[in-house]
Amino acid sequence: MKLTDLDFSCPEELIATAPQRPSRVMWVPGHEEPQEISFQDLMARIPAGDALVVNNTRVLKRRVFAGEVEILFLKQIDSCDWEVLFPSKKYKIGSVLELPLGVSMTLLEKGRPQKVRLSEAVGEEYFQKIAELPLPPYIQKAREQRHTVEADESWYQTAWAKEPGSFAAPTASLHFSKSDIEELKARGVKVVEVTLHVGLGTFLPVTAEDLNDHDMHEEYVEVSAATWALIQETKQKGHKIWALGTTTARSLESAGGGLLPGSAQVGFQGFTKLLIQPGYQFKVVDRLLTNFHQPQSTLLALVAGFSSLERVKACYQWAIERKFRLFSYGDLTCWMGNQQ
């Protein structure tokens, strides 16, 4: 697949910069025309006996400003050395940037990511004081505001976020509240969790002309033995597996495809670099609930792999014509796949 195959015209005024309530839902049956349904209609269409799988990752506050320079702290190497991501083109090795609270940062190595050394060791307390949540860059652009607003602190975490480690929220989950999940459980829907910590790949654009040449950055995944057993039992009984978001889909397919260390008896945990695109045969996921995705993104390729590129583009155009809100804070889509 060529990168340009994943392009489409996206009106900037439709980019959601804050959560929309109630959520609009584009329902896409196998080969039929898309429909708009309400969120409550969607809830009612998830049958008892089916399993809804969610990602329980928690977003880290790791976006730090040195004046006008935005720095994303990715990985601590030792007490003072970090891997970070920032616009380093104009800086030389040895350049020093001043961070808040008297901490300075020295550039040690350039690249993607960069390696830096801080003047003193910092921990979670430091980031809680001075860092911001790493909102997607297109939201910052659409808002014409690089900093988070107060409401983001409550909105940009899922209702069940618990395992810290992500640099972006699994945003399809932002449509659901704890009471929604309890309602589904009360109706007999099985709700289980996996963990995928969203990593650097979220922030780096695809630069390879052929998607097969794109190097996916690895992301950490955990699928417990209990979750995996319930998924297998659900499928054996003829019920469906609903993945809430692309991160959940990649977690399940990485486990189902034998890409993670572990076993059904002990669970699976490790790093995945799985890139899903048209031609991929899904092994676990039967239904995909997800947001709209940006042009030329691996997330859009995943949805195209679940349906087809032509169908996804046609459905996106259908939604754009009806003024659906797009991307992370936008409206929800439900893809049934080409085979029901």
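Note on numbering: residues in each chain are counted from 1, in written sequence order. Side-chain atom pairs in this predicted model are given and counted only at pLDDT of 80 or more, local residue features only at pLDDT of at least 70, and totals for whole chains, interfaces and linings cover all residues. Side-chain numbers come from the whole structure's heavy atoms, not from hydrogens or water.

Engineer: Could you give me a rundown of the sheet that holds strand β2 (residues 35-38), with the residues and numbers involved?
Structural biologist: Sheet strands associate in pairs through backbone hydrogen bonding, adopting either a parallel or an antiparallel arrangement. Spatially, β2-β1-β18-β17-β14-β3-β12-β13-β16-β15 is the arrangement adopted by the 10 strands of the open sheet, whose pairing is mixed. The sheet terminates laterally at β2 and β15 (262-263), the two strands that pair on one side only. One ladder, built from 5 bridges, connects strand β13 (residues 219-223) with strand β16 (residues 267-272); its direction is antiparallel. Residue pairing for β16: Val 223 is matched across the bridge by Phe 268. Along the sheet face, helix α6 (residues 225-236) touches β3 (51-55), β12 (190-196), β13, β14 (241-244) and β16 and points at about 130° away from the line of β12. Contact criterion: two residues are considered in contact whenever any of their non-hydrogen atoms come within 4.5 Å of each other. To obtain each axis, a line is fitted to C-alpha atoms, and for helices this fit is confined to the stretch in contact; angles are then taken between N-to-C directions over 0 to 180 degrees. By the criteria applied, helices consist of DSSP H or I runs no shorter than four residues and strands consist of E runs no shorter than two, each listed in order from the N terminus. Strand contacts of helix α7 (residues 246-256): β3, β12, β13, β14, β16 and β17 (287-291), with the helix running at about 85° to β12, the strand carrying the most contacts. Whether two strands pair depends on DSSP finding at least two bridges between them.

Engineer: Can you explain the packing of helix α8 (residues 298-306) against helix α9 (residues 309-321)? Please cite residues and give values.
Structural biologist: It is at 7 Å that the axes of α8 and α9 come closest, and there the two elements cross at 110°. Regarding the angle of α8 to α9, the classification is roughly perpendicular. By crossing handedness, the relation of α8 to α9 is classed as right-handed. Contacts from Leu 300, Val 303 and Ala 304 of α8 reach α9 at Leu 309, Val 312 and Tyr 316. When grouped by side-chain class, the residues that make up the contact of α8 with α9 number 6 nonpolar, no polar and no charged. Put simply, angles under 35 degrees are roughly parallel, angles over 145 are roughly antiparallel, angles from 65 to 115 are roughly perpendicular, and the rest are oblique. The crossing is said to be left-handed when, going from far helix to near helix, the turn is anticlockwise and less than a right angle, and right-handed when the turn is clockwise. Residues were grouped as follows: Ala, Val, Leu, Ile, Met, Phe, Trp, Tyr, Cys and Pro as nonpolar; Asp, Glu, Lys and Arg as charged; and all remaining residues, including Gly, as polar.

Engineer: Account for unusual backbone geometry, with residues named and values stated.
Structural biologist: Here the residue pair Arg 112 and Pro 113 is connected by a cis peptide bond, since its omega of 5° sits within 30 degrees of zero. The phi torsion at Glu 144 lies on the positive side, around 60°, for a residue other than glycine. Tracing the chain through its elements places Glu 144 in the loop between α3 (137-143) and α4 (152-155). In this structure Glu 144 comes out as exposed when scored by relative accessible area, which is 74%. One non-glycine residue with positive phi stands out, namely Lys 323, at about 65°. Inspection of the secondary structure assignment puts Lys 323 in the loop between α9 and β18 (332-335). Whether a residue is buried, partly exposed or exposed follows from its accessible area with a 1.4 Å probe, protein chains only, as a fraction of its type maximum: under 20%, in between, or over 50%, in that order. Relative accessible area serves as the criterion here: at 53%, Lys 323 is assigned to the exposed category.

Engineer: Give me the pairing of strand β6 (residues 69-76): which residues, what numbers.
Structural biologist: Burial analysis of β6 places 6 of its 8 residues in the buried class, which makes it a mostly covered element. Connecting strand β5 (residues 63-66) to the next strand, β6, in antiparallel fashion are 2 residues, including Gly 67 with a positive phi near 70°. When β6 meets strand β7 (residues 81-85), the two strands line up antiparallel, connected through 4 bridges. Each bridged residue has a counterpart across the sheet, and for Leu 72 the counterpart in β7 is Leu 85.

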